[in-house]
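As a plain string of letters, each chain reads:
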Amino acid sequence: MADENEAKSEDKATVEISPSEKKVSDEMPPTYDEANLLTGGEEPSVKITSNETKIDIGKEKEATHGLTKEELMKYANDPYWVRLRWILFILFWVIWVAMLAASIVIIIYAPKCPSPEPKEWWQKNAMYKVDVKNFDDGTLNGLKDNLDLLVESGVGTVYISSFFQTTGQGTRADVTDYQSVDSQLGSLEDWKALVSALMDRDQKVVIDFIPNHTSEHHAWFEQSASNTGKFADFYVWNQGGGQSSPPDMFSGSWTWNADRQAWYLHRAGLGYPDLNLKNPDVIEELKNVMKFWIDTGVNGFVVNDLDILVDTNDESDEAPLLSSFRAAVDQATEDTGVPCVLMAETSENIDDVVQLYGDVDNAGIGGKIQLPLYSEQIANPTSASDLQARLTGFLSKMPNGAWPSFAFSSMEKGEEMTDAMTMLKMLLPGTPMFTPGQELGLDSWNRETAEEQKTAEESHLKVFSSLASKMRHQESILFGEINQNTTFVIDNVFGLTRVKKGNPGYLLLINFGDSEAEVDVSEAKYVPEGIRLMTRSVGAPETEEAEEITRYESKSVLVKPSEGRVFTFVPKYD
């Protein structure tokens, strides 16, 4: 029992107080001085351990006081403290300036992640090549009246093929005046009204440029044939052996001119006399022609007949010749602030096309020809694997970083695959070019059909418009990588992904087979578990699939025969 009481006493904090003190404390709380008497002037201290509480009585600590104002002022003008303050002040600013300088040095010299050069309008936009004679009513005003339909479809650049004045008996190359509009199409004022309407709609316009030859009825040729002044040497003349003996045929075809009693060269195959492009006066006149059309609002030129532009025996003249034309568009860019472009439409083999680029800058723009228009690189693929091989082969031959064009026809695989081939052109890293009607699934343009497809629930025009307006300007399309890791083939289905970090990704699937295919694309690079349908071909055979479905698991994606589908997704990075 004693042990028990002892244990209890250890669990309590005890303070012994006399009965008289207890009685006083019960009746009235002590004053401050009285409390001090209880502790003898010391401050209580409580110590707590695991099994007991003790109160220690200590002495009250003395209060501390800071320096008074008078005491502080004694140091205000003290030389020692003044010097110390100035030293600290100067040291602060020295350190601050040093940190600022170090930051600038780091910013300037530290390795940077290179930012891609911005793309120009002709790289972003879908290009629409129009032969005015075959469009609507065959006039410039007819084209102007239909511009709203072109704009709504997503077309950004209108390429108007030759509309210069001709004899009316030949082809577009039978030019009688470089600075006049073919009277069958309209007037120069009609042309200016068309360009103004294009500019109002933020559309760019590109035209043909035919620097190699003119008509025999061109004023330059007539004066050259009469051996007049500077025009005497504007064309390539040769006396040969007289009328009965033409010059060496190796360099081209020759035609006898009775007025000059000499032969003139023509290599276009239609008898049009070749200009003497070694004559600086000829080059200057051609540059004046370019300036004339630039002043009307033209944004670029497509050089025609590039393969015969220079003497086949002296191809070294090609570089300075093209440089002269390039200088003209570069000067226009500087003068107007709007990039003017020099293109070339050619059917040469791919190796010759590569040479047209010259040095390529960071934006993929060629140093000689900014953009060759070449249509044979992926023409009419026969299967998914054939398309992959053609695409890989073409891109591997391009100069490093060069921006190509894709002018192959969307109709080459038939109407049922028009949308699929349009999707391919729109997703590839190059400028897509179309001719009127392709956006409608037709061989030629038809206003009535365009109006019908514009309001239809689904149509070729709506597929084209969705891709041209919503996707073509996306950074994944303009800057995304494309290589052997971003294309794939699963049985009869061709696949292509376009991705750039920080942007939505795009997936194209084209079924080249004649039966429905269910493919697993989950192993494709960057493709996540879920993808969303953006657009699909119209007119594909019906299946039991609910067409309202827009979200798919990437391991099970259905593609109908001859169908193309474009999906969007959030890229998955390893």
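Quick note: structure is the one above.
Residues numbered from 1 in each chain as written. Predicted model: local features only at pLDDT ≥ 70, side-chain atom pairs only at ≥ 80, totals over all residues. Heavy atoms only, no water.

Draft legend 1. Structural context of the overall build of the protein chain. Tallying secondary structure elements over the protein chain gives 18 helices and 23 strands in all. Here the protein chain, with 574 residues, has 45% of them falling under the buried criterion. In the protein chain, once contacts between residues fewer than 6 apart in sequence are set aside, the share between residues at least 24 apart is 67%. Carbon and sulfur atoms make up 51% of the accessible area of the protein chain, which amounts to about 30,200 Å² in all. (Helix = DSSP H or I, 4+ residues; strand = E, 2+ residues; numbered from the N terminus. Buried < 20%, exposed > 50% of the residue type's maximum accessible area, 1.4 Å probe, protein only. Contact = heavy atoms within 4.5 Å. Areas by Shrake-Rupley, 256 points an atom, 1.4 Å probe, with all protein chains shown as cover.)

Draft legend 2. Examining helix H14 (residues 384-397) more closely. Between its terminal C-alpha atoms H14 stretches 20 Å, which fits the 20 Å expected from 14 residues at 1.5 Å a residue. Buried within H14 we find Ala384, Asp386, Leu387, Leu391 and Phe394. Looking down the long axis of H14, one finds its buried residues gathered within 160 degrees of arc, a one-sided arrangement. (Expected span 1.5 Å × (residues − 1). Arc of directions from axis to C-beta.)

Draft legend 3. Broad picture of the sheet that holds strand S23 (residues 564-569). Spatially, S16-S17-S18-S23-S20-S21 is the arrangement adopted by the six strands of the open sheet, whose pairing is antiparallel. At either margin of the open sheet sits one strand with a lone partner, and together these are strand S16 (487-490) and strand S21 (551-553). Sheet twist, expressed as the average angle between the axes of neighbouring strands with direction ignored, equals 30 degrees. Contacts from helix H15 (residues 418-427) reach strand S17 (493-498), strand S18 (505-511), strand S20 (530-536) and S23 within the one sheet, and its direction differs from that of S18 by about 150 degrees. Sitting on the sheet, helix H17 (residues 460-471) touches S18, S20 and S23, and the angle it makes with S20 is about 120 degrees. (Pairing = 2+ DSSP bridges. Axes fitted to C-alpha atoms, helices over the stretch in contact; angles between N-to-C directions.)

Draft legend 4. Here's a closer look at the pattern of salt bridges. By the definition in use, this model includes 15 salt bridges. Residue Lys204 is joined to Asp202 by a salt bridge in which the shortest nitrogen-to-oxygen separation is 3.8 Å. Relative accessible area serves as the criterion here: at 16%, Lys204 is assigned to the buried category. Of the charged contacts, one joins Asp274 and Arg267 as a salt bridge, the two residues approaching to 2.7 Å between their closest N and O atoms. Comparing Asp274 with Arg267, the two get one shared label, buried. (Salt bridge = Lys/Arg side-chain N within 4 Å of Asp/Glu carboxyl O.)

Draft legend 5. The environment of Arg536, seen in detail. Mapped onto the elements of the fold, Arg536 is located in strand S20. One polar contact links Arg536 to Glu458, side chain to side chain, over a distance of 3.2 Å. (Polar contact = N/O pair within 3.5 Å; in protein donor to acceptor, adjacent residues only side chain to side chain.)

Draft legend 6. Representation of the sheet that holds strand S9 (residues 253-257) within the structure. Reading across the sheet, the three strands line up as S8-S10-S9 and stay open at both edges, with antiparallel pairing between neighbours. The open sheet terminates on both sides in strands that have one partner only, identified here as strand S8 (237-238) and S9. Alignment of S9 against strand S10 (residues 262-266), held across five bridges, turns out to be antiparallel. The partner of Ser253 across the bridge, within S10, is His266.

Draft legend 7. Region of the structure containing the nonpolar core. One finds Trp191, Trp293 and Phe301 to be the most contacted residues of the largest nonpolar core, which totals 104 residues. Among the elements that take part in this core, helix H11 (residues 280-295) stands out by supplying seven residues, more than any other. Dropping the residues within four chain positions of it, Phe301 is found in contact with Val206, Ile207, Phe209, Met290, Trp293, Ile294, Val329, Cys340, Val341, Leu342 and Met343. Counting residues in each nonpolar core, the second largest holds 18 residues, with Phe488, Leu507, Val527 and Tyr552 among its members. (Core = buried A, V, L, I, M, F, W, Y, C linked by side-chain atoms within 4.5 Å.)

Draft legend 8. Structural detail: the packing of aromatic side chains. Scanning the model with the defined rule gives 26 aromatic pairs in all. Between Trp93 and Trp96 the ring centres are 5.7 Å apart and the planes differ by 70 degrees, which places this aromatic pair in the edge-to-face class. One end of the pair is Trp93 and the other is Trp96, both in helix H5 (residues 79-109) and three residues apart, which spans about a single turn. Judged by its relative accessible area of 40%, Trp93 is partly exposed. Centre to centre, the rings of Trp220 and Phe234 are 5.6 Å apart; their planes meet at 80 degrees, and the pair counts as edge-to-face. One end of the pair, Trp220, is in helix H10 (residues 219-225); the other, Phe234, is in the loop between H10 and S8, and 14 residues separate them in sequence. By relative accessible area, which is 10% here, Trp220 ends up buried. (Phe/Tyr/Trp six-rings, centres within 6.5 Å; stacked < 30°, edge-to-face > 60°.)

Draft legend 9. Layout of the packing of helix H16 (residues 447-455) against H17. Viewed as axis vectors pointing N to C, H16 and H17 meet at an angle of 70 degrees, and their least axial separation amounts to 7 Å. As the angle between them shows, H16 and H17 are arranged roughly perpendicular. Judged by residue contacts, Ala450, Gln453, Lys454 and Thr455 of H16 engage His460, Leu461 and Lys462 from H17. (Parallel < 35°, antiparallel > 145°, perpendicular 65-115°, else oblique.)

Draft legend 10. Region of the structure containing the packing of H15 against H17. Axis separation between H15 and H17 bottoms out at 10 Å; the angle between their running directions is 10 degrees. Looking at the two axes, H15 sits roughly parallel to H17. Residue-level inspection shows Asp419, Thr422, Met423, Met426 and Leu427 of H15 in contact with H17, the latter providing His460, Val463, Phe464, Leu467, Ala468 and Met471. Of the residues assigned to the contact of H15 with H17, the class counts are eight nonpolar, two polar and one charged. (Nonpolar A, V, L, I, M, F, W, Y, C, P; charged D, E, K, R; others polar.)

Draft legend 11. Highlighting the side chain of Thr487. Within the secondary structure, Thr487 is located in strand S16. Note on Thr487: relative accessible area 7%, which makes it buried. Within the structure, Thr487 has its side chain in polar contact with the side chain of Gln388 (distance 3.2 Å). Discounting residues that sit within four places of it in the chain, Thr487 has contacts with Gln388, Leu391, Phe494, Gly495 and Leu496.

Draft legend 12. How the structure looks around the environment of Ala332. In this fold, Ala332 is placed in helix H12 (residues 318-336). It is 7.8 Å that separates the C-alpha atoms of Ala332 and Lys291, two residues lying 41 residues apart in sequence. The residues touching Ala332, leaving out its near neighbours within four places in the chain, are Ile294, Gly337, Val338 and Cys340.

Draft legend 13. Unusual backbone geometry, seen in detail. Its identity as a non-glycine residue notwithstanding, Asp305 has a phi of 55 degrees, on the positive side. Within the secondary structure, Asp305 sits in the loop between strand S11 (300-303) and H12. Taking relative accessible area as the criterion, Asp305 reaches 22% and is therefore assigned partly exposed. With a phi close to 60 degrees, Ser562 is a non-glycine residue in the positive phi region.

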